[in-house]
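# Coordinates in review
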Amino acid sequence: MPILNANGKSLDSKLFQDHNWAVGVTWKKKRIESMTKVNRTRSISPPDGGWGWMIVAGCFLVTICTRAVTRCISIFFVEFQTYFTQDYAQTAWIHSIVDCVTMLCAPLGSVVSNHLSCQVGIMLGGLLASTGLILGSFATSLKHLYLTLGVLTGLGFALCYSPAIAMVGKYFSKRKALAYGIAMSGSGIGTFILAPVVQLLIEQFSWRGALLILGGFVLNLCVCGALMRPITLKEDPTTPEQNHVCRTQKQDFQRASPCSILSKEWMQTCLCCSLQQEYSFLLMSDFAVLAISVLFMAYGCSPLFVYLVPYALSVGVSPQQAAFLMSVLGVIDIVGNVTFGWLTDRRCLKNYQYVCYLFAVGLDGLCYLCLPLLQTLPLLVPFSCTFGYFDGAYVTLIPVVTAEIVGTSSLSSALGVVYFLHAVPYLVSPPIAGWLVDMTGSYTAAFLLCGFSMIFSSLLLGFARLVKKMKKPQLRLLAKESDPKLQLGTNGSVAYSVASELDQKDGESVSLAMPGYNPT
């Protein structure tokens, strides 16, 4: 006979319900602990090998399908100019828009890869880029090419480029420069192979057929996206103050009822906190200087890939020889990618990767200054070799220098911002150079402006690093003279947070020792 309580309900059923509730809570707790263990096992250090080499291969193919194809658009320059009967400046907008949209939408590629996955972003980008090239083959005016070949293809390249590069940085630490050298060499190898192939396709199938074939080729980006297996790394050390704020907001969000009206507000608050922590590097002075220098560097590097072939044709070089110059530029770019990446990973140069980057950018600027004096093929070939080598060198070191400033955990977002800063220079520099060619009747002014821009970029970063080294002794002296309680961290906010945590722990110890004591 069942035992009844004061209300007339069976105690056996209540005990049974309590037992089921306890079992359910225990099961959920064990499930959460097992999931926590899985997450901890996935949070590992960069493997520096293994599947990382497949990531390098995927990024290598991505750079072929994005940067090499973008460079080869300059081979269509004369064809577009002749077919649509437009001047240099109007025709140069096609290449400018592709480069601009690729870099302008680079943060969008980082957001898609961070919040969805790198695989989804690259596959979607491959479909958009291929669609843009195929639709461009049916264009009847330059405006149609601006929208299809420029905007749509550039948007697809943006979703692929920065996420693929960031994935290499997540899989490599000790051999990061070498891995980036191999991955970024796809741009040079692709240019070396595609430049004569595209010229042959134009001669055989016209520029429309060549664009159609390139559209099919770019679909290989979907295959590259499938290789990008995600990995969770140990997070870089962040300030305790940031961790405390985000942890508190997450706990508050978990306590909120799913049916609560304020749940959306809590979700937005946590999202804002996540984005604020993700882009906190924007307030760093070192990153601000890097951003300014990137603007001048990007202005200088872009016009050569648009005007090298037209310049060679203007000084009497044949079309096949002009395309050969682009091939030489591409193959030496490979040598610069791999050898400079390997050299800067050596023990003697690993601490001087920043200086090597400045050296490469400055020498490319000097090459620009010499270009107006070179008007024969035997002189233009050494120029292509020199410029291509140092172009590959500094392109390899851009992610390395960025990671040195912001850390690995923020690398994807930081690269998105760095490539975003390429957008405006890439957009305006070829048309400005074309306008200077139309106004002066020669390429001298355009090349000199690009050269001085790159030299200024190198000098700016060098001057900033020199000033930082001069300030280090003063900061150490101030740290010694300051309160020893605030010397627990190098950053002011970190030191204050550590000190406050120590005070809080002291208060907790007092409260534990005195049971009747209430700190509030």
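Cut-off values and rules
Residues numbered from 1 in each chain as written. Predicted model: local features only at pLDDT ≥ 70, side-chain atom pairs only at ≥ 80, totals over all residues. Heavy atoms only, no water. UniProt positions renumbered as here; feature names shortened; annotations may be inferred. Helix = DSSP H or I, 4+ residues; strand = E, 2+ residues; numbered from the N terminus. Areas by Shrake-Rupley, 256 points an atom, 1.4 Å probe, with all protein chains shown as cover. Expected span 1.5 Å × (residues − 1). Bend = angle between axes of the 7 residues up to and from the residue. Axes fitted to C-alpha atoms, helices over the stretch in contact; angles between N-to-C directions. Parallel < 35°, antiparallel > 145°, perpendicular 65-115°, else oblique. Left-handed = near helix turned anticlockwise from the far one by under 90°. Nonpolar A, V, L, I, M, F, W, Y, C, P; charged D, E, K, R; others polar. Core = buried A, V, L, I, M, F, W, Y, C linked by side-chain atoms within 4.5 Å. Buried < 20%, exposed > 50% of the residue type's maximum accessible area, 1.4 Å probe, protein only. Contact = heavy atoms within 4.5 Å. Disulfide = S-S within 2.5 Å. pLDDT = per-residue confidence, 0-100.

The chain has the name Monocarboxylate transporter 12 in an unreviewed UniProt entry, where Phyllostomus discolor is given as its organism. In its Function (unreviewed entry) section, the UniProt entry covering the chain states "Functions as a transporter for creatine and as well for its precursor guanidinoacetate. Transport of creatine and GAA is independent of resting membrane potential and extracellular Na(+), Cl(-), or pH. Contributes to the process of creatine biosynthesis and distribution." Quoted verbatim from the Subcellular location (unreviewed entry) heading of the UniProt record, the comment on the chain is "Basolateral cell membrane".

Another aspect to go through is the overall build of the chain. Along the backbone of the chain there are 19 helices and 2 strands. When the accessible surface of the chain is summed, it comes to about 26,200 Å², and 67% of that surface belongs to carbon and sulfur atoms.

Taking 1.5 Å per residue, 43 residues should reach 63 Å; helix H8 (residues 176–218) reaches only 27 Å between its end C-alpha atoms and comes up short. If you look at H8, its biggest bend is around 120 degrees, right at Phe 205.

If you want to describe how two helices pack, look at the angle between their axes and the distance between the axes. Helix H7 (residues 142–171) packs onto helix H6 (residues 118–136) with a crossing angle of 155 degrees between their chain directions and a minimal axis gap of 7 Å. Taken as axis vectors, H6 and H7 run roughly antiparallel relative to one another. The chirality of how H6 crosses H7 is left-handed. Each residue belonging to the contact of H6 with H7 can be placed in one class, and the counts come to 17 nonpolar, 9 polar and no charged.

Before going further, it helps to examine the nonpolar core. Judged by nonpolar contacts, the single largest core of 128 residues is most densely connected at Tyr 357 and Tyr 394. Counting residues per element, this core draws most heavily on helix H12 (residues 285–314), which supplies 16 residues. Excluding anything up to four places from it in sequence, Tyr 394 contacts Met 297, Cys 301, Tyr 357, Ala 360, Val 361, Asp 364 and Met 454.

This part covers the environment of Leu 427. Considering the arrangement of structural elements, one finds Leu 427 in helix H17 (residues 423–440). Judged by its relative accessible area of 23%, Leu 427 is partly exposed. Leave out the neighbours within four places in its chain, and Leu 427 touches Trp 93, Ser 96, Ile 97 and Cys 100.

Here we come to the state of the cysteines. The final tally for this structure, using the stated rule, is 0 disulfides. Summary of cysteine pairing: Cys 59 is not part of a disulfide, and the nearest cysteine sulfur, belonging to Cys 118, is at 9.1 Å. Cys 59 sits in the buried class, given a relative accessible area of 0%. Cys 224 forms no disulfide, and the closest cysteine sulfur to it belongs to Cys 65, at a distance of 5.4 Å.

Right, let's get into the confidence of the model for the chain. For the chain, per-residue confidence averages 75 on the pLDDT scale, and 72% of positions sit at 70 or higher. When pLDDT is averaged over each element of the chain, H6 comes out on top at 90 and helix H19 (residues 492–513) at the bottom at 43. Throughout residues 32–43 the model reports pLDDT below 50, and contacts reaching past four residues in sequence, or to other chains, amount to 4 contacts. Residue range residues 236–250 is modelled with pLDDT below 50. Its contacts to residues more than four positions away, or to other chains, number 22 contacts.

Next up on the list: H12. Note: α-helices contain 3.6 residues per turn, so residues at a spacing of three or four share the same orientation. Its 30 residues place the ends of H12 45 Å apart at the C-alpha level, agreeing with the 44 Å of an ideal helix rising 1.5 Å per residue. Its axis deflected by about 50 degrees at Tyr 307, H12 carries its strongest bend there, up to four residues before the proline Pro 310. Among the 30 residues that make up H12, 21 are buried, leaving the element largely enclosed by the rest of the structure. Looking one or two places after H12, you find Gly 316, whose phi comes out positive at around 100 degrees.

By the element assignment, Asp 99 lies in helix H4 (residues 88–104). The residues contacting Asp 99, other than those within four sequence positions of it, are Arg 67, Thr 70, Ser 302 and Tyr 426.

For the rest of this paragraph, the subject is the environment of Phe 205. Tracing the sequence through the fold places Phe 205 in helix H8. Residue classification places Phe 205 among the partly exposed positions, given a relative accessible area of 49%.

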